[in-house]
Amino acid sequence: MSGAVDLSSLKQPAGGAAGATGGDYGVSEADFETKVLRRSMQVPVVVVLYSQRSPGSVELVRTLERLVAADGGTWDLATVEAEANMRIAQALRVQGIPTVIAIAAGQPLADFEGAQPEPQVRQWLNAVIEAVAGKLEGEGQPEEPAADPRFAAAEAALDQGDLAGAEAVYQDILAAEPANEEAKGALRQLRFLARAQELPESAIETADADPANVDAAIAAADLELFQQRPEAAFDRLIAVVKRTSGEERTTARTRLLELFELFDQAEPFVIAARRKLAAALY
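This write-up is about the structure you can find in this document. (Residues numbered from 1 in each chain as written. Predicted model: local features only at pLDDT ≥ 70, side-chain atom pairs only at ≥ 80, totals over all residues. Heavy atoms only, no water.)

### Digging into helix α4 (residues 118-132)
The end-to-end C-alpha distance of α4 is 21 Å, a good match for the 21 Å that 15 residues give at a rise of 1.5 Å each. Burial in α4 covers these residues: V121, W124, L125, V128 and V132. Angular distribution of buried residues about the axis of α4 spans 100°; they occupy a single face of the element. Residues of α4 that are exposed and point more than 90 degrees away from the buried face comprise P119, Q123 and E130. Looking at the buried side of α4, the elements it contacts are β1 (45-50), α2 (55-70), β3 (99-104) and β4 (107-113). (Helix = DSSP H or I, 4+ residues; strand = E, 2+ residues; numbered from the N terminus. Expected span 1.5 Å × (residues − 1). Buried < 20%, exposed > 50% of the residue type's maximum accessible area, 1.4 Å probe, protein only. Arc of directions from axis to C-beta. Contact = heavy atoms within 4.5 Å.)

### So, the sheet that holds strand β2 (residues 76-81)
Here we have four strands laid out as an open sheet, ordered β2-β1-β3-β4, and mixed in their pairing. Lying at the two open borders of the sheet, with one neighbouring strand each, are β2 and β4. Looking at each pair of strands side by side, their axes are set apart by 20° on average, direction ignored. Sheet topology places β1 next to β2; six bridges connect them, and they run parallel. Directly across from V47, in β2, lies its bridge partner A78. Those strands touched by α2 are β1, β2, β3 and β4, and its axis lies near 160° from that of β1. Across the sheet, α4 is in contact with β1, β3 and β4; its angle to β4 comes to roughly 165°. (Pairing = 2+ DSSP bridges. Axes fitted to C-alpha atoms, helices over the stretch in contact; angles between N-to-C directions.)

### A few points about helix α6 (residues 163-176)
Its 14 residues place the ends of α6 20 Å apart at the C-alpha level, agreeing with the 20 Å of an ideal helix rising 1.5 Å per residue. Within α6, the full set of buried residues consists of A166, Y170, I173 and L174. Down the axis of α6, the buried side of the element spans an arc of 95°, and every buried residue falls inside it. Seen from the open side of α6, the exposed residues pointing more than 90 degrees away from its buried face are A164, D172, A175 and A176. Against α5 (149-159) and α7 (181-197) lie the buried residues of α6.

### Some words on the side chain of S51
Structurally, S51 can be placed in the loop between β1 and α2. Residue classification places S51 among the buried residues on the basis of a relative accessible area of 7%. Side-chain polar atoms of S51 contact the backbone nitrogen of R53, separated by 3.1 Å. (Polar contact = N/O pair within 3.5 Å; in protein donor to acceptor, adjacent residues only side chain to side chain.)

### With respect to the pairing of β3
Counting buried residues in β3 gives six out of six residues, a clear majority hidden from the surface. With burial as the criterion, each face of β3 is covered, one bearing T99, I101 and I103 and the other bearing V100, A102 and A104. The pairing of β1 with β3 spans five bridges and is classified as antiparallel. Residue L49 lies in a different strand from β3, and its bridge partner there is T99.

In structure tokens:
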């Protein structure tokens with residue numbers, strides 16, 4: 001389309017009732033922003049402005065409905081009764097009925113006026129689809145899975161500072177789904193958080209003053225991790241593993257492995273710490 005077309009006036013519906021359009025693809029001023037402007041960020045939306053009093057308009061709408069159903073979501077259709085939605089017609093600078101306008105990324109891309117036979121409409125549609133291929137954010141991307149309401153309940157408990165309530169939710173999820181990795185990870189994080197929040201600020205100083213105290217070293221490592229210093233926490237426990245044996249070594253090693261599980265195992269600092277642990281053990 002030649003010249004800039006400002007569609008900002010259609011982002012908020014005007015006061016009063018907008019004329020409704022019929023059919024599965026019907027769009028009025030009230031839902032133009034959602035069904036056309038926002039949707040066009042994902043796939044091109046073909047808007048057809050028509051009149052029920054124009055047989056050519058009605059036939060063109062039917063042609064487009066057949067084509068959109070056959071194309072499996074590569075584009076979307078919006079049918080607008082012009083007389084009932086004059087502000088849409090004015091914003092799109094419509095001169096005659098029917099008019100078909102392709103909108104992509106919130107802006108008009110191409111248009112034609114007047115009834116057209118199906119082969120010409122198909123050719124026009126193919127050109128529109130080709131013009132935006134790979135350029136819109138929604139094309140070829142799977143829909144985001146719906147959020148699990150059980151996790152939302154746990155997050156709500158966390159927002160209120162109810163760690164015990166959140167832990168109970170995660171435990172319930174695991175009771176029903178023992179292999180739920182998201183719940184396992186969330187529970188590990190939560191238990192660490194609850195433990196670390198209770199540590200005194202002097203935990204690191206205490207451990208440094210008594211290197212032989214394994215329990216103090218474990219507490220200091222938790223505090224270092226809580227302070228966003230994972231390498232320091234790992235190195236502290238690896239040093240304990242290296243200089244101890246028996247039950248003390250097992251205790252330190254077990255806690256270190258628990259701390260590893262709080263991170264993506266592909267993180268470079270986790271990989272490096274695992275190598276150091278292996279060297280300390282063997």
